[in-house]
Structure formats: C-alpha cells, structure tokens
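Survey of secondary and tertiary structure
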Amino acid sequence: MEEITALAKRRGFIFQSSEIYGGIGGFFDYGPLGAILKRNVKDAWWREMVERRDDVVAFDSSIIMHPRTWEASGHVAAFHDKLVDCRNCKHRFRADHLPSLDKCPDCGMSGTLTEPRNFNLMMRTAIGPMEDTSSQAYLRPETAQGIFVNFKNIYQSARKKPPFGIAQIGKSFRNEITPGNFTYRVREFEQAELEFFVPQDGNDLGWFEQWVAARKQWYSDYGVRPDRLRFYELTPEERPFYAKAGIDVEYLFPWGWGELESIAHRGTYDLDRHIEYSGKDLQFFDEATKAKYTPILIESSAGMDRTTLTMLVDAYERETVADGEKQSERTVLRFHPKIAPVQAGVFPLARNKPDLVERARTIEAHLRTRFRTQYDEGNVGQLYRRQDEIGTPFCIMVDYETLGDATVTVRDRDSMRQDRVAEDALSTYLAERL
Ligand code: GAP
C-alpha cells in the first residue's frame, strides 16, 4: 500500500488535501491523472446504470437538504459510531476498531479508555446569517435521500412507473472518527447510488437478484480480479429490520477485505418515513389499475473513491522483465483500457530531430480526437517506464523508418510486444484493442 500511495503522489493520481498546510485528515485531492481515472470510473458506472437502460432516469440533488429529511431518514437519531477517548493521550478511536477496551493502542496505557458513547457522523453547517438552532443544517451523509424526497416529482415528470430506477452520483460527507487506509475511509467522498422502485407484485426478490448479477457483471467487465472480489450476503441480524436482503460487495485490499458497495432490499421503509414526516403523499398512483401503493426499493450504493482506489490497487503490479540480456524490474498499472487515464502515448525516437518531433506531434494531435493521448519525449526506456507506471495500454514510437514508409512501432503495455503499424491504420488498430 505504501508503494501505491507513493506512486499515486509521484505520478499525479492522488494528493493529500491542503498538503502545504500539513494536510487535513480524511480529505484528498485528485491530481491530473487521478481526476481522469475517477471520472472514467464514474462514467463507466453512469453508462451502464443509466445510459444503457431505458428503465433508469438521471438525477442530481443538492448537498444540503431540509433538516427534517435527516429526522425522517433516521440519521439524526441513529447515524452514529461508538466513540472512545483515551484520557491520557487524548486520542479518539472507533470502539469497534479496537482489539480491546482495556488498553490504549496509541500510548499503551491501561485503563485510560472511556466508556464507548454515540458519536453522530453527520457534518453540521449553518445556513444564512444567523447561527442559531433554526439555521442548523447538515451536509448529506448519502445521496439517496435527495431521490426519495423527489420521488413524486421524478416519476410524474419522467412519466415512469415501477419497475424503474433513479440514479445519481454526488458528494457525501461523514465525520468519520478514524479516517484511514488512504482514500478508503474519508470524510468527503462520492457515491453512485441507484434507487430502483418495484411494484408490490411478489417479484421484488427477483429484482434484487437481477441487480446483484448486474453489479457482478460490471466489476467483471472492468477487469477487477475475481479472486479479490466477493459478494458477502448479510445475515438477518446484520441487516436493518426493514430489509429483506442485503449484499456487501467487498474487495481484498492489502490490509484485508473492505466494502465497496452495498446492495439492499429496503422494503418500503424510506418512502414510508418521508410520507410520515412530510405529511405528503409519495405513493405511486397506477393510472391503469387506479390503485395506489408504496413501491418496494432495491438500492445499489457504491463509493466512487473506493472504486477508484480499487482500480488503482487491482491494476498495480511489479514484475521482472527481460531487458535484452539483463533482467529489470518494472512497475505497471494494468488498467482496463476504458478507464486508463491515457490510452496511447506518442513519442519521437529523438527529441532533437525536428522531423521526428513534428511527425509525432501530428500523429498525437490526430489520435487525440478519438482517444485519450499524451505526447512525450526523452529517453526511450524512461518514456516506456513512465507510461507503464501510469497504466497507458499502448505506446507509439515515431522513428526514422516512419519518415520513409509511414509506419510506427506500437508497444503493448502488458505483453510488451511491438507491432509495426501503418500510420493511417493506427486509429483502427487502437479502436479494436481499446
Ligand atoms: N444509501 C446507502 C448508503 O449510503 P453505505 O453502505 O453507508 O450505504 C455506501 O455507503 C458506499 O459509500 C459504501 O459501500 C462505500 O463505498 C461508500 N462510503 C461510505 N462511507 C465512506 C467513507 N467514509 N469513505 C469513502 N467511501 C465511503
């Protein structure tokens, strides 16, 4: 994990937030390559969950909502972790992360930990010029509630009837007691949530199974190693009382299994609560049957920062390769071509030869209209090493032969095989492989 964190900083994937001021716990910034990687991950989710379906509509709600929302959702009363303080070193811990409550894991003193107490994870803010209780609001701890409170607006304006879904990707905030493991547990993160509403016709568990299968397919399509992915079925004791089924999608990180996504059958709980607290009718009225009912909800909620981290960790490899007569080490990120920040690097064999530089720049500019490309120049070995480290699937070298016969060398990141390809066939060559 240390190697990956160092690489993420060196190559511009992820930086600590406000690093020049010493950083701030639980917040991170995405660098030039990380921003593209995360966008590609979100786009991959959006394409599959919204664009390729005719039964899911898009949504984008505000981060700050009416405070009653969070009373209705249960977050004010119950969205907390158990907090423990050390009276000696003043450090704070999540009780369920400690091996024992007898001894402080930081200062080692016995008998200094307080009794666990509830700590609400919602971040508070104040709205408007007055800072009193009437101005208090929360930064949303999940995007889902924006969908629930708008259920009627959405189904009526989009003219949808169950089964149909509403999807959104957006920032969420949780005042985690102990953020950690790089971007795995942070205080500001993005969620991609699908709320899928189904009729009360007895097929709700069938829909749950369909969504579990769809999400399995998604991880598989983007190349996540199957031996590091598992779908853990929650027991009735682990599920909320209103949930009929629940699955956590987990990835085997270097520190152990960690949750990436939760898929849940949430019954009618969320809409029922908002009906009760708002006094508004959020039931679905079926024009065909003239019947009114509360649809059952199947939810898929994935963390985009965790998924991006998964892609980085999953892609990371150090290997020994033959380098002529010698053996050498290389670090390579084997990103799926659809999410790789750069899909093709283009270089001239020598940076001090204007003919080669101009030709390489022309080729790169042309490919840029179709692919994510990067022009670079310098020592050939270092160019390849740099592109391997940022996970670029193909590198294109413009050399002296190019000037004569209009062909280039294309090197494959994974096999390191080199093909000679005609310049005017490059676009097709890349499209077929990316
Ligand atoms: N609406 C359901 C919901 O929010 P959740 O299991 O609390 O469910 C869903 O969160 C996903 O959001 C998690 O599986 C995880 O990927 C992401 N997530 C939650 N807390 C996070 C945190 N502190 N840092 C990064 N991602 C987080």
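Being a predicted model, the structure only gives us computed values, none of them experimental.

**As for the packing of helix 2 (residues 32-51) against helix 9 (residues 304-315)**
Across the interface, helix 2 lies against helix 9 with an axial gap of 9 Å and an inter-helix angle of 110°. Between helix 2 and helix 9, the angle is such that the two are roughly perpendicular. Crossing of helix 2 over helix 9 shows right-handed handedness. Together, Leu37, Lys38, Val41, Lys42 and Trp45 of helix 2 and Met304, Asp305, Thr307, Thr308, Met311 and Leu312 of helix 9 make up the contact between the two elements.

**Concerning the pairing of strand 17 (residues 316-323)**
Across eight bridges, the pairing between strand 17 and strand 18 (residues 326-333) is antiparallel. Bridge assignment links Val321 to a residue of strand 18, and that residue is Ser328. Count of turn residues in the strand 17/strand 18 antiparallel hairpin: two residues, of which Gly324 carries a positive phi of about 65°.

**Examining the packing of helix 2 against helix 7 (residues 204-221)**
Close contact between helix 2 and helix 7 brings their axes to 11 Å; oriented N to C, the two are set at 140°. The orientation of helix 2 with respect to helix 7, classified from their angle, is oblique. Considering only the axes of helix 2 and helix 7, their crossing is right-handed. The residues of helix 7 that touch helix 2, namely those facing Val41, Ala44, Trp45, Glu48 and Met49, are Trp211, Arg215 and Trp218. The class makeup of the residues in the contact of helix 2 with helix 7 is six nonpolar, no polar and two charged.

**Points about the layout of surface pockets**
Considering only enclosed or pocket space, the largest pocket measures out at about 1500 Å³ in volume. Every residue lining the largest pocket is counted, 49 residues in all, and those nearest its centre are Phe79, Glu142, Arg174, Glu259 and Ser262. Sorting the residues of the lining of the largest pocket by element identifies helix 4 (75-78), strand 4 (80-85), strand 10 (188-198), strand 12 (245-253), strand 13 (256-267), strand 16 (296-303) and helix 9 as the ones contributing at least two each. Tallying contributions element by element places strand 13 first for the lining of the largest pocket, with nine residues. Residue composition of the lining of the largest pocket, grouped by class: 19 nonpolar, 13 polar and 17 charged.

**Quick look at the sheet that holds strand 4**
A sheet is described by the order of its strands in space; here three strands give the open sequence 5-4-6, paired in antiparallel fashion. Strands with a single pairing partner mark the edges of an open sheet, and in this sheet they are strand 5 (92-94) and strand 6 (117-120). Adjacent strand axes in the sheet meet at a mean angle of 50°, parallel and antiparallel pairs treated alike. Strand direction decides the pairing type here: strand 4 and strand 5, joined by three bridges, are antiparallel. The residue bridging Val84 from the neighbouring strand is Phe93, located in strand 5.

**Observations concerning helix 11 (residues 380-390)**
Those residues of helix 11 lying buried are Leu383, Tyr384, Gln387, Asp388, Glu389 and Ile390. With a side-chain oxygen lying 2.9 Å from the backbone nitrogen of Gly381, the N-terminal cap of helix 11 falls on Asn379. Two residues or fewer past helix 11, Gly391 is found with a positive phi of approximately 80°.

**Remarks on the sheet that holds strand 3 (residues 56-58)**
Strands sit in the order 3-9-10-16-13-12-11 across an open sheet of seven strands; the sheet is mixed. A strand with exactly one partner marks an edge of an open sheet, and here the two such strands are strand 3 and strand 11 (229-233). Strand after strand, the sheet turns through a mean of 25° between neighbouring axes, direction not considered.

Conventions and cut-offs
- Residues numbered from 1 in each chain as written.
- Predicted model: local features only at pLDDT ≥ 70, side-chain atom pairs only at ≥ 80, totals over all residues.
- Heavy atoms only, no water.
- Axes fitted to C-alpha atoms, helices over the stretch in contact; angles between N-to-C directions.
- Helix = DSSP H or I, 4+ residues; strand = E, 2+ residues; numbered from the N terminus.
- Parallel < 35°, antiparallel > 145°, perpendicular 65-115°, else oblique.
- Left-handed = near helix turned anticlockwise from the far one by under 90°.
- Contact = heavy atoms within 4.5 Å.
- Pairing = 2+ DSSP bridges.
- Nonpolar A, V, L, I, M, F, W, Y, C, P; charged D, E, K, R; others polar.
- 1 Å grid on protein atoms, 1.4 Å probe; cavity = no way out; pocket = protein on both sides within 12 Å on 5 of 7 lines; lining within 4 Å.
- Points joined across faces, edges and corners; volume = space filled by probe spheres on them.
- Buried < 20%, exposed > 50% of the residue type's maximum accessible area, 1.4 Å probe, protein only.
- Polar contact = N/O pair within 3.5 Å; in protein donor to acceptor, adjacent residues only side chain to side chain.

Geometric values such as these leave the question of function open.
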